Amino acid sequence: QVQLVESGGGLVQAGGSLRLSCTASGITFSSGGMGWFRQAPGKEREFVAHINWNGVVTYYTDSVKGRFSISSDNAKNTVYLQMNSLKPEDTDVYYCAARSSPFGSRNPDVYDYWGQGTNVTVSS
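An account of the accompanying structure is given in this report.

The rules behind these values
- Residues numbered from 1 in each chain as written.
- Predicted model: local features only at pLDDT ≥ 70, side-chain atom pairs only at ≥ 80, totals over all residues.
- Heavy atoms only, no water.
- Pairing = 2+ DSSP bridges.
- Helix = DSSP H or I, 4+ residues; strand = E, 2+ residues; numbered from the N terminus.
- Axes fitted to C-alpha atoms, helices over the stretch in contact; angles between N-to-C directions.
- Buried < 20%, exposed > 50% of the residue type's maximum accessible area, 1.4 Å probe, protein only.
- Disulfide = S-S within 2.5 Å.

Here we look at the sheet that holds strand E7 (residues 68–73)
Here comes step 1: Spatially, E1-E3-E8-E7 is the arrangement adopted by the four strands of the open sheet, whose pairing is antiparallel. At either end of the open sheet lies a strand with only one pairing partner, and these are strand E1 (3–7) and E7. On average, adjacent strands in this sheet sit at an angle of 15° to one another, irrespective of strand direction.
Here comes step 2: Pairing of E1 with strand E3 (residues 18–25), which is carried by five bridges, proceeds in the antiparallel orientation. By the bridge assignment for E3, Leu 4 is matched with Ala 24.

Dropping the structure here:
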């Protein structure tokens, strides 16, 4: 049974930082990748970042470049999203996702597995 479990969300003031974690079990993507998406109520799920499983290649959406950093620890089957200089517009539910391809995609439909989401709220 595949499980992705996110943690690390919370309430932070603008300019602050949070680190999200996503631990995977039941899957071994030796050639795949993991992504982070976010979604606000009534809006489409938005791509944030992606990393291939060996941690060499990363992708980011433009709005988070220079502020967010994705990394992985294969020994722990865990992917992290370090979020710095947070803005109120970063407030969303953040989801991690896994796919068997190493390439990132803005299309959430190509990801095979999803976590339950973790709330991030940035106050002004």
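Next comes the rest of the description.
Some points on the pairing of strand E8 (residues 78–83)
Here comes step 1: Counting buried positions along E8 yields five of six residues, so the element is predominantly enclosed.
Here comes step 2: Here six bridges tie E3 to E8, and the two strands are oriented antiparallel to one another. Paired with Cys 22 across the two strands is Val 79, which belongs to E8.
Here comes step 3: Pairing of E7 with E8, which is carried by six bridges, proceeds in the antiparallel orientation. Each residue of the ladder has a partner; that of Ser 71, found in E8, is Tyr 80.
Here comes step 4: Linking two consecutive strands that pair antiparallel, namely E7 and E8, is a turn of four residues; a positive phi of about 50° is found at Asn 77 within it.

What to know about the state of the cysteines
Here comes step 1: In the structure shown here, the tally under the stated rule is one disulfide.
Here comes step 2: For Cys 22, the disulfide goes to Cys 96, at an S-S distance of 2.0 Å. With the S-S dihedral at roughly 50°, the linkage between Cys 22 and Cys 96 falls on the right-handed side. Here Cys 22 is found in strand E3, whereas its partner Cys 96 is found in strand E9 (residues 92–99), with 74 residues between them in sequence.
Here comes step 3: Residue classification places Cys 22 among the buried positions, given a relative accessible area of 0%.

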